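# An overview of the molecular structure
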Amino acid sequence: MKKISILIVFMVCAQLSAQIDRSIIPKPGPTPEINIGDPQKFITPNGITVLVVENNKLPRVSVSLRIDNKPKSHGDKVGVSSLLGSLIGKGSTNIPMEEFYDEVDFMGASVSISSSGGSASSLTRYFPRIFEMFADAALNPNFTQEEFIKERDELISGLKTAENSVQAAAGRVEDLVTYGADHPFGEYTSEESVNNVTLEDVEELYKANFDVNRAYLVFVGNITLDQAKDLANQHFGSWTTMASVAPEPLPVPKNPESAVIEFVDMPNAVQSEIAVNYTTEIARTHPDYFAILKANQILGGGAEARLFLNLREDKGYTYGAYSSYSFRHHTVETFSASTSVRNAVTDSSVVQILSELEKLKNQPVSDEELNLVRAKYLGSFVRSLENPSTIANYAYNIITEGLPEDFYRTYLQNIQNVTVEDIQRVAQTYFPLENARIIVTGKGSDVLEGLENIEINGTKLKVNYYDKWGHTIPRPHSEIDVPEGFSVGRVIDAYIEAIGGREALEKIENIKSFLVAEVQGMVIEAEGVKSVEGKSWNISKMGGQVIQKSVVSDGSSYSEVMGQRIEIEGPELELLILQSYPFPELKFDIENLEYLGTIEVGDKTGHHIKISDNFSQVYDTETNLLIQSSTIAEAQGQVIETDIQLKDYQEIDGILIPHTITTNQMGVDIIGALKSVEFNAELDDSIFD
């Protein structure tokens with residue numbers, strides 16, 4: 001009987017489907033009403049504003065501490081805020097760090113403290129204890145000289161590792177020229193500025209940031225107003241007003257009077273970082289806010305937007321191109337359109353970005369684009385409400401920015417109300433192409449000639465030149481100074497000889513290694529095999545659990561991350577195959593290598609050699625040893641630059657192998673220690689399946 005019922009349902013559905021004309025695009029339905037509960041509000045006797053958003057669907061509670069601090073400049077001590085963020089939250093003066101972490105982990109909870117606030121979350125039954133620990137860590141930080149030195153040294157190490165990163169230099173100089181050196185957002189952290197910071201500076205910043213008069217506690221979840229009152233008064237009631245210092249007025253960044261190219265010379269760059277930036281002053285309460293959001297989404301909000309379709313899908317210049325309009329509470333708003341492209345198409349990419357901006361201003365967008373944006377906002381907005389931190393953000397924004405109480409309940413309706421005419425109007429007003437900064441970070445000898453011939457309305461754009469620290473410089477030389485008698489082949493031969501000699505290396509059929517690394521307190525164990533057949537096998541574990549596996553075999557490759565298999569193709573596959581040989585230098589095509597000059601890697605100077613468009617290496621000018629390897633790859637539509645520094649070479653069976661391997665990816669250092677190496681091991685070929 002059950003089978004017959006299912007068959008009948010299937011036949012009815014099939015008949016209904018046959019009656020639908022699928023050539024007609026369905027009309028969008030009505031905008032759904034968003035039910036975000038109004039927060040209940042009270043103020044503690046010592047002045048903390050407390051917001052409570054009760055939601056009893058799940059037995060969980062989260063809380064966030066927000067302190068409405070205005071951005072401040074740190075002068076010659078930039079980095080003090082980063083050090084405060086890394087020192088605070090590691091237990092308290094009442095609970096040692098390890099005990100603190102163990103208790104939080106035991107309850108399956110989370111506690112995080114930042115330089116100006118924090119958050120905590122747990123099951124309802126554990127929340128009173130978690131909130132107590134959260135308050136204790138926030139109000140009674142256990143700053144010690146020992147931890148300060150450790151965190152300071154780690155910060156400096158990360159800065160050294162990323163010193164020659166093109167992406168790091170691009171971000172540094174982009175902020176500097178956009179906001180100015182006297183603006184908090186224009187400052188950047190350097191080794192010198194970090195060395196100027198003392199533990200006393202960190203403690204003073206903590207006192208200045210953690211001002212009870214600017215504090216907000218936002219509770220979301222399975223908690224009542226009375227319970228929140230009791231917890232806030234019990235654990236934050238002793239928080240007293242510290243010596244408040246009125247923040248200095250922020251300088252207002254100025255856009256250039258006419259569009260200009262700001263060029264950052266990075267001779268080691270194998271691709272260019274491009275950003276088109278300008279600032280404006282407009283709050284979320286402005287009538288044009290929603291039209292600006294929608295215009296930006298059409299221009300560069302994702303894989304379906306114009307920049308992505310033009311630069312990636314149509315031209316094939318890049319992995320991805322995007323734009324964003326950042327709205328900030330205390331300072332100016334910033335527009336940025338950005339991408340990373342091959343050197344050869346840098347000027348063409350800039351022209352295409354400018355063309356898309358011009359098109360947005362001068363040509364009405366289509367109804368199809370408007371509907372696509374509406375659908376995307378609907379999906380992302382509704383999904384975001386599943387995250388308690390989102391609701392906490394909304395409640396906080398409403399009270400600190402003076403937003404209407406129904407701002408987020410009517411959010412989607414306001415997005416829906418934006419018209420084609422609105423898009424064109426705000427594009428002409430808030431996307432000022434004629435006042436844009438076009439910031440390009442790349443290799444001058446490859447890209448400058450094209451950039452210097454870019455025009456807007458028949459006028460060539462002025463070009464300013466900077467080094468990687470944002471200092472103005474003369475126009476970079478297009479020629480690289482190559483020492484007399486120098487050749488790339490000699491650098492590679494010298495490296496091969498330095499680590500053991502070609503004859504010794506050619507006897508190695510495979511290398512089996514075991515490495516232990518630590519990142520943000522977590523230990524990762526990595527095993528790997530490389531063979532002369534161009535095969536490799538790598539597996540990484542954390543706590544005994546496999547987190548990643550990668551295999552290269554017979555000209556193909558795949559990676560498994562948390563059980564999900566991803567096939568590797570294109571230039572990334574070619575690079576992985578090359579890196580799968582025990583000593584890739586034996587396989588280099590010397591005739592096609594390119595010398596990029598010398599660069600500094602930490603305290604060493606090295607010859608920088610481009611192996612391919614997404615792979616380069618640096619060889620010490622004195623020892624001839626490999627000291628850095630850099631790769632560029634795509635991950636989820638983003639270009640990821642990875643620098644690997646190699647140190648502590650030790651002899652194993654007559655061959656020098658680096659035993660300290662530091663990987664810097666997206667600003668995070670993973671320091672690995674090589675624990676064992678075996679040559680010509682007995683292998684089971686099934687590992688390469």
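Calculation rules
Residues numbered from 1 in each chain as written. Predicted model: local features only at pLDDT ≥ 70, side-chain atom pairs only at ≥ 80, totals over all residues. Heavy atoms only, no water. Helix = DSSP H or I, 4+ residues; strand = E, 2+ residues; numbered from the N terminus. Rg over C-alpha atoms; globule rule 2.2 N^0.38 Å. Buried < 20%, exposed > 50% of the residue type's maximum accessible area, 1.4 Å probe, protein only. Pairing = 2+ DSSP bridges. Axes fitted to C-alpha atoms, helices over the stretch in contact; angles between N-to-C directions. pLDDT = per-residue confidence, 0-100. Contact = heavy atoms within 4.5 Å. Patch = residues over 30% accessible without salt bridge, like charges linked within 9 Å, V, L, I, M, F, W, Y side chains within 5 Å. Areas by Shrake-Rupley, 256 points an atom, 1.4 Å probe, with all protein chains shown as cover. Salt bridge = Lys/Arg side-chain N within 4 Å of Asp/Glu carboxyl O. Left-handed = near helix turned anticlockwise from the far one by under 90°. Nonpolar A, V, L, I, M, F, W, Y, C, P; charged D, E, K, R; others polar. Phe/Tyr/Trp six-rings, centres within 6.5 Å; stacked < 30°, edge-to-face > 60°. Lys NZ or Arg CZ within 6 Å of the ring centre and 35° of its normal. Core = buried A, V, L, I, M, F, W, Y, C linked by side-chain atoms within 4.5 Å.

### Notes on the overall build of the protein
Summing up its helical and strand segments, the protein has 20 helices and 27 strands in all. A compact globule built from 689 residues would reach a C-alpha radius of gyration of about 26 Å, and the protein, at 28 Å, matches this within 12%. Each principal axis of the C-alpha atoms in the protein carries an extent, and together these give about 75 × 75 × 65 Å. The burial tally for the protein puts 48% of its 689 residues in the buried class.

### Structural notes on the sheet that holds strand β5 (residues 117–123)
The six strands are arranged β1-β2-β6-β3-β5-β4 in an open sheet whose pairing can be described as mixed. The open sheet has two edge strands, β1 (40–43) and β4 (110–114), and neither has a second partner. In this sheet, neighbouring strand axes are inclined to one another by 10° on average, regardless of whether the strands run parallel or antiparallel. Summarising the sheet, strand β3 (residues 60–67) and strand β6 (residues 215–221) pair through seven bridges and their orientation is antiparallel. Along β6, the bridge assignment pairs serine 64 with valine 218.

### A short note on the sheet that holds strand β11 (residues 437–442)
Spatially, the six strands line up as an open sheet ordered β9-β10-β8-β11-β7-β14, and their pairing is mixed. Each having just a single partner strand, β9 (318–326) and β14 (462–466) make up the two edges of the open sheet. For this sheet, the mean angle separating the axes of adjacent strands, direction not counted, is 15°. Relative to strand β10 (residues 333–342), β9 runs antiparallel, the two sharing seven bridges. Across the sheet, serine 326 pairs through a bridge with threonine 334, a residue of β10.

### Thoughts on the confidence of the model for the protein
Overall, the prediction assigns the protein a mean pLDDT of 89, with 92% of residues at 70 or greater. Note that pLDDT drops below 50 for residues 1–20; the model gives that stretch one contact with residues more than four away or on any other chain.

### Observations concerning the pairing of strand β15 (residues 510–519)
On a regular strand, one side chain projects to one face of the sheet and the next to the other, so that they alternate. Relative to strand β16 (residues 522–531), β15 is paired through 10 bridges, and the arrangement is antiparallel. Within β16, the residue paired with serine 513 across the bridge is glycine 528. Looking at chain direction, β15 and strand β27 (residues 668–679) are connected through eight bridges and run antiparallel. Bridged to serine 513 within β27 is valine 677.

### Focus on unusual backbone geometry
Phi at aspartate 554 takes a positive value of approximately 50°, unusual for a residue other than glycine. Looking at where aspartate 554 falls in the secondary structure, it is placed in the loop between β18 (545–553) and β19 (556–561). Classification of aspartate 554 as exposed rests on a relative accessible area of 68%. With a phi angle near 70°, asparagine 624 is a residue other than glycine that sits in the positive phi range. You can see asparagine 624 is positioned in the loop between β23 (615–620) and β24 (626–635).

### Section: a nonpolar patch on the surface
Judged by side-chain polarity, Val561, Met562 and Ile566 come together as a nonpolar surface patch covering roughly 290 Å² of accessible area. If you trace the backbone, isoleucine 566 turns up in strand β20 (residues 564–568). Isoleucine 566 gets classed as partly exposed once you look at its relative accessible area, which sits at 41%.

### Considering the packing of helix α4 (residues 127–139) against helix α9 (residues 225–236)
Interaxial distance between α4 and α9 falls to 10 Å at its minimum, and their mutual angle equals 35°. For the pair α4 and α9, the crossing hand works out as right-handed. Between α4, through Phe127, Pro128, Phe131, Glu132, Phe134, Ala135 and Leu139, and α9, the contact on the second element is made entirely by Leu231, Ala232, His235 and Phe236. Taken together, the residues that form the contact of α4 with α9 break down as nine nonpolar, one polar and one charged.

### A few points about the pattern of salt bridges
According to the stated counting rule, one finds 27 salt bridges in the structure shown. With its nearest N and O atoms 3.0 Å apart, the salt bridge here joins aspartate 211 to arginine 214. Note on aspartate 211: relative accessible area 3%, which makes it buried. One salt bridge in this structure joins lysine 376 and glutamate 304, with 3.2 Å as the shortest N-O distance. In this pair, lysine 376 is assigned in helix α13 (residues 367–384) and glutamate 304 in the loop between α10 (289–300) and α11 (306–314), connecting sequence segments 72 residues apart. For lysine 376, a relative accessible area of 34% gives the class partly exposed. Linked by salt bridges that have partners in common, Lys443, Asp446, Glu594, Lys610 and Asp613 make up one network.

### Some points on the packing of aromatic side chains
Considering all chains together, one arrives at 33 aromatic pairs under this definition. Ring geometry for phenylalanine 143 and tyrosine 206: centres 5.8 Å apart, planes at 75°, overall edge-to-face. Pair noted here: phenylalanine 143 is in the loop between α4 and α5 (145–161) and tyrosine 206 is in helix α8 (residues 199–209), with a separation of 63 residues, a long-range link. An identical accessibility class is assigned to phenylalanine 143 and tyrosine 206; each is buried. In this structure an aromatic cluster arises from ring pairing among Tyr278, Tyr289, Phe290, Tyr325, Phe327, Phe335, Phe381, Tyr394, Phe407, Tyr408, Tyr411 and Phe431. Arginine 172 extends its terminal NZ or CZ atom over the ring of tyrosine 188, reaching a point 5.7 Å from the ring centre.

### Description of the nonpolar core
A general trend in soluble globular proteins is that nonpolar side chains are found buried together. Judged by nonpolar contacts, the single largest core of 62 residues is most densely connected at Leu357, Tyr411 and Phe431. Top contributing element to this core by residue count: α10, with eight residues. With 49 residues, the next largest nonpolar core counts Val50, Val61, Leu87 and Leu217 among its residues.

### A few points about the environment of glutamate 574
Following the sequence through the fold, glutamate 574 ends up in helix α20 (residues 570–579). Between the alpha carbons of glutamate 574 and valine 463 there is a distance of 36 Å; along the sequence they are 111 residues apart.

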